[in-house]
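Observations on the three-dimensional arrangement
What follows is the residue order along each chain.
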Amino acid sequence: MQSAHGGPRLLLRRLREVMAEPVSAQTRLDRIVVHIAANMVAEVCSVYVLRADQFLELYATEGLNREAVHLTTMGAEEGLVGLIAQTAESLALADAQQHPAFSYRPETGEEIYSSFLGVPILRGGNTLGVLVVQNKARRLYNDEEVEVLQTTAMLLAEMIASGELQSLAATGDGFATRRALSLTGTPITDGIGLGHAVLHEPRIIIKQIVAEDTKSELARLDVAIKAMRASIDKLVDQGDTSHGETRDILETFRMIAHDQGWLRRLREAVNTGLTAEAAVERVQNDARAKMQRQTDPYLRERLHDLDDLANRLLHELVGQSFIADHASLPDNAIIVARTMGPAALLDYDRSKLRGLVLEDGGALSHVAIVARSLGIPAVGNVGNIINLAEQGDPIIVDGSTGDVHVRPPADVENSYAEKARLRAKRQEQYRKLRDVPCLTRDGVAIDLHMNAGLVVDLPHMEETGAISIGLFRTEIQFMIAHRFPRMREQEVLYRAILDAVPDRAVTFRTLDIGSDKVLPYMDKVEEENPALGWRAIRIGLDRPALLRTQLRALLRASGGRDLKIMFPMIAAVEEFHAAKAIAEQEVAYLQRYGHSLPSDVQLGIMLEVPSLLWQLDEICAAVDFVSVGSNDLLQYLFAVDRDNSRVANRFDSLSAPPLRAFKLIADKARAANTPLTLCGEMGGQPLEAIVLIALGFRGLSMSPAAIGPVKAAILAMDLAETRHFVVELIERIDGGRSLREPLRAFAERQGIPLG
Ligand code: PEP
Ligand code: MG
């Protein structure tokens, strides 16, 4: 068997010389293929580049008919070259013509070549082209030759990505890297954002691929690995999860950082003549290509971890900060991240953020909660976005549909710009409603409250004219912290909230954790059914110190003011009594030590568990107020996971079973004279809101952005007529099918705007 002539290092040195020559791009490419062919003792070496139109175009060849350059193109699914482009995997064949994917192109004159070795030209896990060598004699290329060709493909990847070859293309469409992409993910925050990509963890651009001195590159690699291990150890020891990694992920990082197989592959790559950073990228490219084909979620996750780790190593080697430079943030930044912690998002200058796109992390991730609070259009679960978008690329984020457009063509951009303008106009109209009293057409007052969970939410109070904070989700402070917030820290936050809205009430909900709301620093409890498991008040009652600390912080923060507290996930009246007893003990404790106490303490519950529907008389008599958590109540009523997209839309909240339940709750609360609100997402949708009002609700608490549209609907509704229609409908109808259509048609007839 023949082997590479002069070895990979000599080839790389030659190619480096060619890269430095002051010649045209085509000449450079022509010389590169000559060198590769000579070094690998191959009769043919050809470069195919993947164009934006998904055709592979022959860009240079040694051995095949040169006349075919820029004329031969093939579909990305055609032939062996197409197969490599598609799979991003190398292919070595002793008898290529026997391969089922072989397709013969007479203009190239390649019929006389038996052996074939092709490798993908990869960058960031994306295929930019294919590099091929061929021989007349039947032979199988060895591993070293495959490696050599893969390494030289990196040089070509840089040439393609640099735009140097752009002018040679047979069509004006450009390369696959720069093509417009339309991607879809999971909607997180409503709204449209147009701007430029800011990679939260900027990719390192490798300037030097070929090493001057392999020994010193190996030494650099060792130093960087040591430094990276030390920094990971530090993160694990400090339990620092501020970048969104859980402790499990950090532990996995630590494991991979010591994985001998990975380290060996890196060293081998340096030994072929690459710089340390090029070696990391080379190994990373393979992992990324594998990742994209991997369907097993666990293995995908591990490959992601490997990718993250390789990024860390690159940053160590190049000495660049791991996180985007906040000082040079453009005015219209769309943050693109694989994942990020909520605190990291808060570090960006809000006034410059136009959108957020996450590769991992859907609507429930902690960062999603912060994005929602900040009102930043956001989309999650967008596959491979961190590799598909380049720093500074134009991007459009549509948070209502989950669409993300990277490098959009002008017509897409124009239509979104128009949409954004219309939205802004509508927002302006809603703002004008701010000081209009919230009355139905027949004069019934409806209270609109706001949901909040962060200090950044508070300015919305003024903007929307909400009459109070109807739900303050205290767990968010816990979710963005690195460890349990101490009592004083909780007190400081609660006081800041109360001080920010001196003339309005705040209803604090005690810690609602468990199920989907995991605290990264709390030991994970493995449960078969977390949504039905140890969560919310169940944790509070089993770990009274946690609840007591929080209640103490709330009581201390509201000295001299009214305080409203509600307990989440109450399933039996006794649980409320037990929680109330803890609150009373805390009041007595503070009193004993002479603390200033709230002028009034009201204790209520969240009605989220269906069992309470049959304890309504008792619970209404026991509490100072009730707030319906419709997100959870509906999930339990239908036994449908609220966040499982496969089942979440199976049943409609606008159907007789839940609407009858809501009516029952409203009737009982009214009879008992117990103040009632609803604070789930349902109350923030105009059609749902008017139906709830028709059923007897007089207070709704919702996200700030929902207040304008809901108010506009209320102002246009006639309560008596709506009630008559809704009550008659839910009493008459059989079964549990959706009533959305008749309700929507009714609203339309009445001229009620539905947002
Ligand atoms: C609810 O369940 O409706 C609710 C408001 O609580 P959360 O969404 O925080 O569970
Ligand atoms: Mg809930």
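Quick caveat, the model's predicted, so the values are computed rather than measured.

Overview of the side chain of Thr189
For Thr189, the location among the structural elements is in strand S8 (residues 186-189). Within the structure, the side chain of Thr189 is placed 3.2 Å from the backbone oxygen of Ile376, a separation counted as a polar contact.

Details of the coordination of the magnesium ion (ligand 2)
At the metal site, the magnesium ion (ligand 2) is ligated by Glu608 (OE) and Asp632 (OD), and these contacts range over 2.0 Å. Here the residue Glu608 occupies a position in the loop between strand S19 (600-607) and helix H20 (616-622), and Asp632 occupies one in helix H21 (residues 630-638), the gap between them amounting to 24 residues. Glu608 sits in the buried class, given a relative accessible area of 2%. Residue class for Asp632 comes out buried when judged on its relative accessible area of 3%.

Some words on the pairing of strand S13 (residues 394-398)
The element S13 is largely enclosed, with a buried count of four among its five residues. Where strand S9 (residues 192-199) meets S13, five bridges bridge the pair, whose relative direction is antiparallel. By the bridge assignment for S13, Ile192 is matched with Asp398. The pairing of S13 with strand S14 (residues 403-406) spans four bridges and is classified as antiparallel. Bridge pairing in S14 links Ile395 to Val406. Once S13 ends, the chain turns through four residues before running back antiparallel as S14, passing Gly402 with a positive phi of about 90 degrees.

Re the environment of Arg441
Within the secondary structure, Arg441 sits in the loop between helix H13 (410-432) and strand S15 (447-452). The partly exposed category is assigned to Arg441, whose relative accessible area is 48%. Each C-alpha atom, one on Arg441 and one on Asp718, is 5.0 Å from the other, the two residues being 277 residues apart in sequence. If we skip the residues at most four places from it in the chain, Arg441 touches Ile714, Leu715, Ala716, Met717, Asp718 and Gln750.

Remarks on the environment of Val518
When you line up the elements, Val518 lands in the loop between strand S17 (506-509) and helix H17 (537-542). For Val518, a relative accessible area of 43% translates into the label partly exposed. Here the alpha-carbon distance between Val518 and Met479, two residues 39 residues apart in the chain, equals 7.3 Å. Ignoring sequence-local partners within four residues, the contact set of Val518 consists of His366 and Met479.

Notes on the domain arrangement of the protein
Looking at the assigned domains, one finds that the protein contains domain 1 (7-178), domain 2 (181-202 + 324-423), domain 3 (214-318) and domain 4 (433-749). Just the C-alpha atoms count here: the centres of domain 2 and domain 4 sit 29 Å apart. Facing the nine residues of domain 2 at the interface are eleven residues of domain 4. Summing the contributions of domain 2 and of domain 4, the shared interface buries around 910 Å²; its carbon and sulfur component is 71%. Taken together, the links from domain 2 to domain 4 amount to zero salt bridges. Looking at the side of domain 2 that touches domain 4, the elements with two or more residues in it are helix H10 (342-346) and helix H11 (366-374). Its residues assigned to classes, the side of domain 2 that touches domain 4 comprises seven nonpolar, two polar and no charged.

Rules used throughout
Residues numbered from 1 in each chain as written. Chains lettered and ligands numbered in written order. Predicted model: local features only at pLDDT ≥ 70, side-chain atom pairs only at ≥ 80, totals over all residues. Heavy atoms only, no water. Helix = DSSP H or I, 4+ residues; strand = E, 2+ residues; numbered from the N terminus. Polar contact = N/O pair within 3.5 Å; in protein donor to acceptor, adjacent residues only side chain to side chain. Donors = N, O, S within 2.8 Å, 3.2 Å for Na, K, Ca; no water. Buried < 20%, exposed > 50% of the residue type's maximum accessible area, 1.4 Å probe, protein only. Pairing = 2+ DSSP bridges. Contact = heavy atoms within 4.5 Å. Domains from an automatic or database assignment. Buried area = accessible area lost by both parts, 1.4 Å probe. Salt bridge = Lys/Arg side-chain N within 4 Å of Asp/Glu carboxyl O. Nonpolar A, V, L, I, M, F, W, Y, C, P; charged D, E, K, R; others polar.

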